[in-house]
Amino acid sequence: MADKPTVLKVLLRQRHLQGHRAFCKEYDKLAKKLEPDLVGSGPSKAQFYRWLSRDLQGLPYAHHCRILEAMFPGWTAEQLFQEHTGDIEFVPEPPNTAAATTSKPKPAQHTVQGMADVTAVFPSRPAFSHEIPPHKLFDGAEQISMVGLSLNLLCQSYPDRSLLDLLESGTVVRCLFLDPAGRYIKEREREESHPEGVLSTLTTLNIQTLQRLQGKLSPEARGNLRIRTSDEAVRFNITVIDDATCVVQLYLPDARGVESPTFVVEKQPGPPGLFETFSQVFESMWARSKEITA
């Protein structure tokens, strides 16, 4: 039996705001009226879908809670993230919040403080992909920037048809691979105890997959897919989506990439955090990389 939806999911569905883009438009409309500094601070796509699937520890950030409570008068943030026990077609009415307040104190909001934009940590890449599959990351994105070894998350786990549709719709995808003919991919093969050529062959295959897709694009969209290589020590696998969400995986010694912890970093208002750090790492590596032409 499927899990019961949250109250928030049912209310959003009733207003036809269950899509990320539609929700963010409504979010910004309210923020402009209430707290103009919060315009553009809505949840990332990954964060939004975790709200809907109840994949939360505590409540969202305080500024998100304020906008949600303004969006649904009469509901507190705690109540919006409770399980909806009725049918999904039945739209609930706000409970008597005043009575609820007198019966027991309002629990404290659990915002992630001191985490420098980190909103989720997974012990491995498969654990991450199970909770946040590629389609939740990439569908509807306007810009995807990736650097790593073979970029399997995009090249092996995301359908070709979906990627072609994104590129034709104007999405810019930048892919920076570890050079399959370079020094450092050979060092990584030894570090992971692979036979010589295993990682270089996989990386070459993934590059060729993207080149094949590039050949299928219309002339107007072909430039939206940009492929480069870099021959440097591989330290991170970084995926940046829409200047909002960053997925980071470390390459550990004596461990395959799929076994390494994966961090979800989401840009937040306020002082720069880890999102800016890893975005700048990508941009720096991209600037000194070598372009591959079809």
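Since the structure is predicted, the reported quantities are computational estimates derived from the model, not experimental observations.

Asks: So what's going on with the packing of aromatic side chains? Which residues, and what values?
Replies: All told, the structure shown has 10 aromatic pairs when counted by the stated rule. A ring pair is formed by Phe23 and Tyr27, whose centres lie 6.1 Å apart and whose planes are at 45°; its orientation type is tilted. Taken together, the residues span about one helical turn, with Phe23 and Tyr27 both in helix 2 (residues 20-34) at a distance of four residues. Here the two residues Phe23 and Tyr27 agree in accessibility, since each one is buried. Counting every residue linked through ring pairs, the aromatic cluster contains Phe23, Tyr27, Phe48, Tyr49, Trp51 and Phe81. The ring of Trp286 has Arg174 sitting right over it, with the charged end atom 5.4 Å from the ring centre.

Asks: Help me get a handle on the side chain of His20, residues and values and all.
Replies: Relative to the helices and strands, His20 resides in helix 2. On the accessibility criterion, His20 (16% relative accessible area) is buried. When residues no more than four places from it in sequence are discounted, the contact partners of His20 are Pro43, Ser44, Lys45, Phe48 and Tyr49.

Thresholds applied
Residues numbered from 1 in each chain as written. Predicted model: local features only at pLDDT ≥ 70, side-chain atom pairs only at ≥ 80, totals over all residues. Heavy atoms only, no water. Phe/Tyr/Trp six-rings, centres within 6.5 Å; stacked < 30°, edge-to-face > 60°. Helix = DSSP H or I, 4+ residues; strand = E, 2+ residues; numbered from the N terminus. Buried < 20%, exposed > 50% of the residue type's maximum accessible area, 1.4 Å probe, protein only. Lys NZ or Arg CZ within 6 Å of the ring centre and 35° of its normal. Contact = heavy atoms within 4.5 Å.

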